[in-house]
Amino acid sequence: MSIIGKPVLYSYWRSSCSWRVRIALNLKEIPYDIKPVSLVKGGGEQHCNEFREINPMEQVPALQIDGHTLIESLNIMHYLEETRPQRALMPQDVHKRAKVREICEVIATGVQPLQNLTVLIYVGEEKKKEWAQHWITRGLRAVEKLLSSCAGKYCVGDELTLADCCLVPQVFNARRFHVDLRPFPIALRIDRELENHPAFRAAHPSSQPDCPPEATK
């Protein structure tokens with residue numbers, strides 16, 4: 001396959017969707033450049049005309065790769081898996097693959113969209129913490145139930161998968177909104193297992209070029 005230049009990831013340091021893709025790129029050892037898109041500066045750079053041409057949903061991430069521009073984090077990760085199958089992030093077993101997709105979907109469609117910046121702005125400052133806590137707790141309850149039947153060292157068995165790429169950023173978000181994580185011991189164990197993994201550490205918000213200095217303190 002002909003590779004056209006180094007991939008460029010349009011990313012925001014604290015975006016969990018961008019974070020998932022950064023983890024997947026790192027695990028697959030795919031070199032890439034980051035083009036930061038501030039979701040807050042000037043009302044949000046994602047809403048400018050230039051970025052709307054890249055992602056009509058006005059969200060991050062977007063990945064320019066192989067001469068194409070791709071949006072939506074799960075779509076991007078599956079593209080990486082299909083075009084670069086080395087260092088696989090999906091199991092060979094069909095049932096295990098389905099479990100990976102389940103966990104990814106619960107987080108990516110059932111939790112994260114309800115606590116992202118656009119929704120929280122709409123909900124309003126007074127209610128946003130309560131709102132985020134409710135939906136994150138509801139989603140993590142489902143994730144924990146799924147993990148109880150499929151987790152090994154990681155989310156699905158003992159090999160890293162796309163499910164782990166989704167879980168770690170969501171646990172971070174739960175902590176950010178002061179969610180009580182004690183009911184989710186399996187998710188917490190996996191998060192602790194991965195916090196010092198080089199690919200995950202390099203993808204962490206505090207390691208990003210657009211992370212504000214005060215956020216690392």
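Predicted model only: the values in this text are computed from it and were never measured. (Residues numbered from 1 in each chain as written. Predicted model: local features only at pLDDT ≥ 70, side-chain atom pairs only at ≥ 80, totals over all residues. Heavy atoms only, no water.)

S.K.: Honestly, the pairing of strand E3 (residues 62-65) in this entry has me stumped. Any pointers?
M.R.: Along any regular strand the residues' side chains alternate between the sheet's two faces. As paired strands, strand E1 (residues 8-11) and E3 are joined by three bridges and run antiparallel to one another. By the bridge assignment for E3, Val8 is matched with Gln64. Across four bridges, the pairing between E3 and strand E4 (residues 68-71) is antiparallel. From the neighbouring strand, Ala62 faces E4, where its bridge partner is Ile71. (Pairing = 2+ DSSP bridges. Helix = DSSP H or I, 4+ residues; strand = E, 2+ residues; numbered from the N terminus.)

S.K.: Quick question: what am I supposed to make of the UniProt feature "domain: GST C-terminal" (unreviewed entry) in the protein here?
M.R.: Per the UniProt record, "domain: GST C-terminal" (unreviewed entry) is annotated on residues 93-213. Split by type, residues 93-213 is 64% helix and 0% strand. Its first and last C-alpha atoms lie 44 Å apart. (UniProt positions renumbered as here; feature names shortened; annotations may be inferred.)

S.K.: Just checking my understanding: could you explain the pattern of salt bridges for this structure?
M.R.: Applying the stated criterion across every chain yields a total of eleven salt bridges. Among the salt bridges present, the one from Glu125 reaches Lys128, with a minimum N-O distance of 3.5 Å. A residue is classified by how much of its surface remains accessible, and Glu125, at 65% relative accessible area, is exposed. One salt bridge connects Arg182 with Asp180, and the closest N-O pair in it is separated by 3.0 Å. A relative accessible area of 69% means that Arg182 is categorised as exposed. (Salt bridge = Lys/Arg side-chain N within 4 Å of Asp/Glu carboxyl O. Buried < 20%, exposed > 50% of the residue type's maximum accessible area, 1.4 Å probe, protein only.)

S.K.: Help me understand the packing of helix H1 (residues 16-27) against helix H3 (residues 73-83), please; the structure alone is not making it clear to me.
M.R.: In a packed pair of helices, the relevant descriptors are the angle between the two axes and the axis-to-axis distance. Remark: H1 packs on H3, axes separated minimally by 9 Å, with the N-to-C direction vectors making an angle of 10 degrees. Looking at the two axes, H1 sits roughly parallel to H3. Counting all contacts with H1, which are made through Cys17, Arg20, Val21, Ala24 and Leu25, the residues of H3 involved are Ser73, Ile76, Met77 and Leu80. Here the residues of the contact of H1 with H3 sort into seven nonpolar, one polar and one charged. (Axes fitted to C-alpha atoms, helices over the stretch in contact; angles between N-to-C directions. Parallel < 35°, antiparallel > 145°, perpendicular 65-115°, else oblique. Contact = heavy atoms within 4.5 Å. Nonpolar A, V, L, I, M, F, W, Y, C, P; charged D, E, K, R; others polar.)

S.K.: Looking at this structure, I do not really get H3. What am I missing?
M.R.: In an α-helix, one full turn covers 3.6 residues, which means residues spaced three or four apart are oriented alike. Buried within H3 are the following residues: Ser73, Leu74, Ile76, Met77, Tyr79, Leu80 and Glu81. Close packing links the buried residues of H3 with H1, E3, E4, helix H4 (94-110) and helix H7 (162-176).

S.K.: What am I meant to see in the domain arrangement of the protein here?
M.R.: Reports often express the size of an interface as the amount of accessible area lost when the parts come together. Annotation of the protein at the domain level lists domain 1 (8-86) and domain 2 (94-201). Here the C-alpha centre of domain 2 lies 19 Å away from the C-alpha centre of domain 1. Every contact between the two is made by 15 residues of domain 1 and, on the other side, 20 residues of domain 2. The contact between domain 1 and domain 2 buries some 1,600 Å² in all, and 73% of this surface belongs to carbon and sulfur atoms. (Domains from an automatic or database assignment. Buried area = accessible area lost by both parts, 1.4 Å probe.)

S.K.: Which parts of the structure should I look at to understand the UniProt feature "domain: GST N-terminal" (unreviewed entry) in the protein?
M.R.: Using the residue numbers shown here, the UniProt feature "domain: GST N-terminal" (unreviewed entry) corresponds to residues 5-88. Annotated as residues 5-88, this span is 35% helix and 19% strand, and its ends, taken at the C-alpha atoms, are 22 Å apart.

S.K.: Would you mind going over a nonpolar patch on the surface with me for this structure?
M.R.: A surface patch of nonpolar side chains, amounting to about 280 Å² of accessible area, comprises Val40, Leu117 and Ile121. Considering the arrangement of structural elements, one finds Ile121 in helix H5 (residues 117-123). (Patch = residues over 30% accessible without salt bridge, like charges linked within 9 Å, V, L, I, M, F, W, Y side chains within 5 Å. Areas by Shrake-Rupley, 256 points an atom, 1.4 Å probe, with all protein chains shown as cover.)

S.K.: Would you mind showing me how to read the sheet that holds E4 here?
M.R.: Pairing is mixed across the open sheet formed by four strands, whose spatial order is E2-E1-E3-E4. What marks the edges here is a single partner per strand, and that holds for strand E2 (33-36) and E4. This sheet shows a mean twist of 20 degrees between the axes of neighbouring strands, independent of strand direction. The strands that H1 touches are E1, E2 and E3; relative to E1, the one it contacts most, it runs at about 150 degrees. Contacts from H3 reach E3 and E4, with the element oriented near 130 degrees to E4.

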